[in-house]
Amino acid sequence: MMALDKVFTAEGSPNIALIKYWGKRDERLILPCNSSLSITFDRKAMRTVTSVMFSKRLRKDIFYLDGKKQDLDDKDIKERFAIVEKMRRIAKTDARVAVVSQNYFPTASGLASSASGIATLVYVINKALVLGLSTKEMSIIARQGSGSASRSLLGGVVVWNKGKRHDGKDSFAQQLFKEDYWPELIDNIVVVSTGKKKVPSRAGMRATVNTNPLFKQRASSAQSRLAEIKKAFKAKDISKVAECTIADSNEMHALMLSTIPSIRYLNAASYAIMDAIEELNAMEGKTIAGYTFDAGPNANIITIRKYQGKVTRVLSQLEKRGMISYVKTSGLGEGPRMLPESRSLIKKSMLGR
Ligand code: DP6
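Summary of the structure given here. Values in this document were obtained by computation on a predicted structure and should not be read as measured data. (Residues numbered from 1 in each chain as written. Predicted model: local features only at pLDDT ≥ 70, side-chain atom pairs only at ≥ 80, totals over all residues. Heavy atoms only, no water.)

## Some thoughts on the site of the ligand
Consideration 1: Around the ligand, the structure places 17 residues, and the nearest of them are Y21, K24, S146, S148 and R151.
Consideration 2: Between an oxygen atom of the ligand and a side-chain N or O atom of R202, the distance comes to 2.7 Å.
Consideration 3: It is helix 4 (residues 201–211) that provides the largest number of residues to the shell around the ligand, a total of three residues.
Consideration 4: Taken together, the residues of the shell around the ligand break down into seven nonpolar, four polar and six charged. (Near = heavy atom within 4 Å. Polar contact = N/O pair within 3.5 Å; in protein donor to acceptor, adjacent residues only side chain to side chain. Helix = DSSP H or I, 4+ residues; strand = E, 2+ residues; numbered from the N terminus. Nonpolar A, V, L, I, M, F, W, Y, C, P; charged D, E, K, R; others polar.)

## Topic: the sheet that holds strand 5 (residues 36–40)
Consideration 1: Judged by pairing direction, the sheet is antiparallel, and its four strands sit side by side in the order 2-5-10-11 without closing on themselves. Only two strands of the sheet have a single neighbouring strand rather than two, namely strand 2 (15–19) and strand 11 (173–177). Sheet twist, expressed as the mean angle between neighbouring strand axes with direction ignored, is 35°.
Consideration 2: By the bridge criterion, four bridges tie strand 5 to strand 10 (residues 157–160) in an arrangement that is antiparallel. Bridge pairing links I39 to V157 in strand 10. (Pairing = 2+ DSSP bridges. Axes fitted to C-alpha atoms, helices over the stretch in contact; angles between N-to-C directions.)

## Comments concerning the sheet that holds strand 12 (residues 185–192)
Consideration 1: Across the sheet, four strands lie side by side as 13-14-12-15; this open sheet has antiparallel pairing. The sheet is open, and its two borders are formed by strand 13 (290–293) and strand 15 (324–330), each paired with just one other strand. Direction aside, the axes of adjacent strands within the sheet are offset by 25° on average.
Consideration 2: Bridging between strand 12 and strand 14 (residues 299–304) involves six bridges; their strand directions are antiparallel. Each bridged residue has a counterpart across the sheet, and for N188 the counterpart in strand 14 is I301.
Consideration 3: Helix 8 (residues 305–320) contacts strand 12, strand 14 and strand 15 of the sheet and is inclined by roughly 150° relative to strand 14. (Contact = heavy atoms within 4.5 Å.)

## Considering the packing of aromatic side chains
Consideration 1: Under the criterion given, the structure shown has six aromatic pairs.
Consideration 2: Each ring, one from Y21 and one from W160, has its centre 4.8 Å from the other, and the planes form 70°; the classification is edge-to-face. Highlighted residues: Y21 in the loop between strand 2 and strand 3 (24–26) and W160 in strand 10, separated in sequence by 139 residues.
Consideration 3: A ring pair is formed by Y291 and F293, whose centres lie 5.9 Å apart and whose planes are at 55°; its orientation type is tilted.
Consideration 4: With relative accessibility at 0%, the residue F293 sits in the buried group.
Consideration 5: In this structure, K6 packs its charged tip against the face of F8, placed 4.6 Å from the ring centre.
Consideration 6: Positioned over the ring face of Y104 is R47, at 4.5 Å from the centre of the ring. (Phe/Tyr/Trp six-rings, centres within 6.5 Å; stacked < 30°, edge-to-face > 60°. Buried < 20%, exposed > 50% of the residue type's maximum accessible area, 1.4 Å probe, protein only. Lys NZ or Arg CZ within 6 Å of the ring centre and 35° of its normal.)

Put into structure tokens, the structure is as follows:
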């Protein structure tokens, strides 16, 4: 039996794709044109905490994000919040819900929080409504909120298989390696100075698929690179992992650039980071670090512990030149988990009664 008027709280974390998802074959169900691979961040570096309470006494749904009440009539929020309705239907309940979600990311980093937020929300609602969904089923629901969220239901190294079916039942994320698989692996989350508003990834992807003739070759290229990086992870070969990561990030950003009208997420600081990492690799005579960028100018630099000192040195030089604001490091992290009731984020004042 689901518990009404009881608060459930969970925490989860974002992921960074090394083989990128960019382009949908079905916009309504959020089905991607290619499979993608990501690593889930350690919650110690970045996490989202989300509390939910279902109640018949609430007149309407309430959603607070990072302390601010959200407008559930806003198109973007409404679209993503539809997964809550979906889960309510599975539970056969019409109880309204209060959702309070808080991102504990480096402040004002502008780092994508939707993956972490949606994955954590699906996870906590599964518990609150006692749906008993499997990770696969949760991943399928999260995917329909935001594609990259499908991958944050799992920890470690994760692959979101694109699937073939029209109904999307075979398009979900699976764990390739557990979070303790490669303790030496380090991701440097590099926050660059920025203020500019970016094109939302949803609109950006749509434009790429619709206008870019180069997009035709993306699926096969991503597919073969995915096979290559999987092998590299299996062999714990950081050079190969980093080379695939760099190549895939650049391929995606080249597709964005050649979309009509052109979409550009990288800025001068991003290019300075790319230059610096490539210079470092050249100096070492082998690839010891790889960079990747999502729909924004912030970088993720992956390496392993024995090279981390060199990466830090390079990054602190960029910091001195005012190119980057700060760096946070993360290893592979776990998927979402429940927190005790005492960690509730829901305050009486938010419930408006
Ligand atoms: C560049 O998952 O945010 O981060 O499915 O439209 O919500 P929607 O897009 P979203 O896109 C993520 C794009 C990316 C690459 C990636 O995470 O794979």
